[in-house]
Amino acid sequence: MVQVELILDSIFNILIVITMLLCLFSLVSSMSANLFDQTKEIGVLRAMGFTKNRIKMLYFYEAFILVIASSLLGIMIGTTVAFTMVL
């Protein structure tokens, strides 16, 4: 019984790592596409006097908020599904 739990834990840990890597690549590609699409807006911000570091922080905050919002939504949905399955 203990060996079965150990094997299942290993399988789930591998699945978690694969899922996290897929999410990372998805976020990176989404943000790079977003930056590519907004080159004109970045030029306008630079013309208004924004520094390169300020623009980088702006997009960092955007990615951070996206990650936090999706994490919270995932936790809520996962918790709801788990409680539903237990019932």
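Everything discussed here concerns the structure shown above.
A few points on the structure.

Parameters and conventions
Residues numbered from 1 in each chain as written. Predicted model: local features only at pLDDT ≥ 70, side-chain atom pairs only at ≥ 80, totals over all residues. Heavy atoms only, no water. Helix = DSSP H or I, 4+ residues; strand = E, 2+ residues; numbered from the N terminus. Buried < 20%, exposed > 50% of the residue type's maximum accessible area, 1.4 Å probe, protein only. Contact = heavy atoms within 4.5 Å. Core = buried A, V, L, I, M, F, W, Y, C linked by side-chain atoms within 4.5 Å. Axes fitted to C-alpha atoms, helices over the stretch in contact; angles between N-to-C directions. Parallel < 35°, antiparallel > 145°, perpendicular 65-115°, else oblique. Left-handed = near helix turned anticlockwise from the far one by under 90°. Nonpolar A, V, L, I, M, F, W, Y, C, P; charged D, E, K, R; others polar.

**Description of the side chain of Asn34**
At step 1: Considering the arrangement of structural elements, one finds Asn34 in helix 1 (residues 2–37).
At step 2: The class for Asn34 is buried, based on a relative accessible area of 16%.
At step 3: For Asn34, the contacting residues outside a window of four places in its chain are Tyr59 and Glu62.

**Overview of the nonpolar core**
At step 1: Core analysis: the largest hydrophobic core is formed by 6 residues, namely Met31, Ile42, Leu45, Ile55, Tyr59 and Ala63.
At step 2: Elements represented by at least two residues in this core include exactly helix 2 (39–48) and helix 3 (52–86).
At step 3: When residues of this core are assigned to their parent elements, the largest contribution, 3 residues, is made by helix 3.
At step 4: In this view, Tyr59 contacts Met31, Asn34, Leu35, Gln38 and Ile42; residues no more than four positions away in its chain are not counted.

**Things to note about the packing of helix 2 against helix 3**
At step 1: At a closest axis distance of 10 Å, the pairing of helix 2 and helix 3 adopts a crossing angle of 135°. The orientation of helix 2 with respect to helix 3, classified from their angle, is oblique. In this structure, the crossing between helix 2 and helix 3 has a hand that is right-handed. Across from Ile42, Leu45 and Arg46 in helix 2, the residues of helix 3 making contact are Lys52, Ile55, Leu58 and Tyr59.
At step 2: Among the residues forming the contact of helix 2 with helix 3, the class breakdown is 5 nonpolar, no polar and 2 charged.

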